[in-house]
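Topology and contacts: notes
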Amino acid sequence: MAEHDQVVRKIKYVTIENSFLNNPKYTPIEKAVFNSLCTYAYGKGICFPGQNTLAENLGISRRSVISTLKSLEQKGGLLILKQITENKRKTVNTYFLADIDQATGNFIIESLDAYRELAKETKVIQGK
């Protein structure tokens, strides 16, 4: 057995519905941002990457990320839980991601129902 045959590679990837990627209802940037959020969610539907991180990963401005997140929220693709520290400093948001209907590629808005009350108010967390 060759030495390289013993190497175990850990592959991290995300799958996203083709019907979503092909859905003209969403812009290319909305699809890219949602897909990037999925890479941080690891299949759990919740993630908290910083806006600067998303912008750097996608090669777009932070402003574009912010406006796209708002657009995705309006279209039912996610809920944003805003967070601040005890000292009233903004910190990374938590994003709850909607499921996607396999047939239509549309967001299943009801999949976020369990988080709606939580996302209504800014959460205060411990920290600087």
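Everything here concerns the structure above.
Here goes a summary of the coordinates provided. It should be emphasised that the depicted structure is a prediction, and the values quoted were computed from it without experimental measurement.

1. Focus on the pattern of salt bridges
Within the structure shown, the criterion is met by three salt bridges. A salt bridge links E30 to K75; its shortest N-O distance comes to 2.9 Å. Of the two residues, E30 is situated in helix α2 (residues 28–41) and K75 in the loop between α4 (62–74) and β2 (78–81); the sequence distance between them amounts to 45 residues. Two residues, R116 and D113, come together in a salt bridge whose shortest N-O distance is 2.9 Å. We classify D113 as partly exposed; its relative accessible area is 45%.

2. As for the nonpolar core
Counting residues in hydrophobic clusters, the biggest one holds 26 residues, and the most contacted among them are F34, L37, L69, L78, Y95, L97 and F107. Counting only elements with at least two residues in this core, the list comes to α2, α3 (51–58), α4, β2 and β4 (94–97). In terms of residues, this core owes the most to one element, α2, which gives five residues. Ignoring any residue separated from it by four or fewer positions in sequence, one finds L69 in contact with V33, L37, Q51, L78, I80 and Y95.

3. Let's talk about the environment of Q51
In this fold, Q51 is placed in helix α3. Taking relative accessible area as the criterion, Q51 reaches 18% and is therefore assigned buried. Each C-alpha atom of the pair Q51 and I66 lies 7.1 Å from the other, and the pair is 15 residues apart in sequence. Among all residues touching Q51, those that are not within four sequence positions of it are R62, V65, I66, L69, N93 and Y95.

About the criteria used
- Residues numbered from 1 in each chain as written.
- Predicted model: local features only at pLDDT ≥ 70, side-chain atom pairs only at ≥ 80, totals over all residues.
- Heavy atoms only, no water.
- Salt bridge = Lys/Arg side-chain N within 4 Å of Asp/Glu carboxyl O.
- Helix = DSSP H or I, 4+ residues; strand = E, 2+ residues; numbered from the N terminus.
- Buried < 20%, exposed > 50% of the residue type's maximum accessible area, 1.4 Å probe, protein only.
- Core = buried A, V, L, I, M, F, W, Y, C linked by side-chain atoms within 4.5 Å.
- Contact = heavy atoms within 4.5 Å.

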